[in-house]
Structures are given as structure tokens and as C-alpha cells.
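# Working through the structure, step by step
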Amino acid sequence: MSITGDEKYNTLSNLAFIMVGIMGILERVNNCHVGGIKPSTNLQSLLHSPSPMFLLSDLLIITIGLGSYLFHSTRLYIWQLSDELPMSLLLACYAKIQRDIYLRDKVGDGAEERRRRRRLSHTLTALYILLLSISWSSYLLLSTHDLFVSFFTLQITVTVSAYVIGGRFKGEG
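All values reported here derive from a predicted model rather than from experimental measurement.

## Re the packing of helix α4 (residues 77-103) against helix α5 (residues 111-142)
- Closest axis-to-axis distance for the α4/α5 pair is 11 Å, and the angle between their directions is 175°. Taken together, the axes of α4 and α5 are roughly antiparallel relative to one another. Where α4 abuts α5, its residues Tyr-77, Gln-80, Leu-81, Glu-84, Leu-85, Ser-88, Leu-91, Ala-92, Ala-95, Arg-99, Tyr-102 and Leu-103 lie against Arg-116, Arg-117, Arg-118, Leu-120, Ser-121, His-122, Thr-125, Tyr-128, Leu-132, Trp-136, Tyr-139 and Leu-140.
- The residue makeup of the contact of α4 with α5, split by class, is 14 nonpolar, five polar and five charged.

In C-alpha cells form, the structure reads like this:
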């Protein structure tokens, strides 16, 4: 394995992803409380945390670091997939966390406001799933990386837009 030029720095920078993911897991283990009691440090305590999606996000960040390290050090297609697929899944986790926050009932919300938020959320979720499906189908079936990058960029845009729109509708943006 010979790493040269910019790839050397790209490869080494992935150690930061691995460290951040491990730090996130350790943070969750150290601050996980179930029923007001701090449980022992184990996987069960993590699964009872406020959102297992955060744990999944930490694991995906580690996976991104490992996959990207392997891809940029070998340039093999299988590792390219292990670099890019976890990125896409991490965005999906982020979108799910934002959706859960957006759909929380607020004091003073009327039934119409809750219905409006759910309709918007369902519409954005459907668009998101469609973009994700087209993106990965084009990549895996047609081997069109440029089309994949375009749809991946749209995936990021929809995720960020949902966050911004959700915050504005809640009066937080």
C-alpha cells in the first residue's frame, strides 16, 4: 500500500473521524441515565439513551473514518462504497433526529399546527427517500458516480433545508 500526494493527508485525516466517533460513544456511556439512575457502562444503557440514533450516528462516523481510510489508501471500489454509503446513512440519521425534534408537540400547539407539521415532515421524508433511492440506484446499477454525487448533494440540501425550515416554523430559525 503506497499512499502519495493529497491522498496521504486525506487518508490520515480519517483518524479524526474514528476519534470523534469513539468520543461520542464514550460520552453517551458516561452520561446515559435510565429512570434517573446512571446504569453500568454497557450496550444496554446506550440503547435506552434518549435516542439510539445518536449511537448509530457515532458508529457511522467511525465507519466513515475506517472506510475512507481504506478507500483513499487503496483506491479499491469496495472501499469506495464503504466510504460513501456510511456518509449517506449518517445524513439519514441526522434527518431522522431532526424530524423527531420537529414533530415534538409544543405547548400551545393546536391540532391544525400539529397536522401541518406532520404533513410537511411526511412530504420531506418522502422526497428524501426518493433522492436516496435514485442516488444509490444510479451509483450501484449504472455506475454513474457523477449522478450519485449530484443526488448526494441534493440529499444534503434536503436535510439542511428541513432543519432550517423546521426551525423557522417553530420560531427558532
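## Focus: the pattern of salt bridges
- Under the definition given, this model contains four salt bridges.
- Of the charged contacts in the structure, one is a salt bridge between Arg-116 and Glu-113, with a shortest N-O distance of 2.7 Å. Linking Arg-116 with Glu-113, this pair stays in helix α5, spanning three residues, or about one helical turn.
- Look at Arg-116 and you get partly exposed, because its relative accessible area is 25%.
- Connected via shared salt-bridge partners are Glu-112, Arg-115 and Arg-119.

## Section: a nonpolar patch on the surface
- A cluster of nonpolar side chains, Tyr-77, Leu-140, Leu-141 and Leu-142, forms an exposed patch at the surface whose accessible area comes to about 460 Å².
- The biggest single contributor to the nonpolar patch is α5, with three residues.
- Of note, Leu-141 is situated in helix α5.
- What makes Leu-141 exposed here is its relative accessible area of 70%.

## What to know about the nonpolar core
- Among the nonpolar cores identified, the biggest contains ten residues, and these are Leu-81, Leu-91, Tyr-128, Leu-131, Trp-136, Tyr-139, Phe-148, Phe-151, Phe-152 and Val-158.
- Elements with a contribution of two residues or more to this core: α4, α5 and α6 (145-169).
- In contact with Leu-81, other than residues within four places in its own chain, are Pro-86, Trp-136, Tyr-139 and Leu-140.

So, how was this worked out
Residues numbered from 1 in each chain as written. Predicted model: local features only at pLDDT ≥ 70, side-chain atom pairs only at ≥ 80, totals over all residues. Heavy atoms only, no water. Axes fitted to C-alpha atoms, helices over the stretch in contact; angles between N-to-C directions. Helix = DSSP H or I, 4+ residues; strand = E, 2+ residues; numbered from the N terminus. Parallel < 35°, antiparallel > 145°, perpendicular 65-115°, else oblique. Contact = heavy atoms within 4.5 Å. Nonpolar A, V, L, I, M, F, W, Y, C, P; charged D, E, K, R; others polar. Salt bridge = Lys/Arg side-chain N within 4 Å of Asp/Glu carboxyl O. Buried < 20%, exposed > 50% of the residue type's maximum accessible area, 1.4 Å probe, protein only. Patch = residues over 30% accessible without salt bridge, like charges linked within 9 Å, V, L, I, M, F, W, Y side chains within 5 Å. Areas by Shrake-Rupley, 256 points an atom, 1.4 Å probe, with all protein chains shown as cover. Core = buried A, V, L, I, M, F, W, Y, C linked by side-chain atoms within 4.5 Å.

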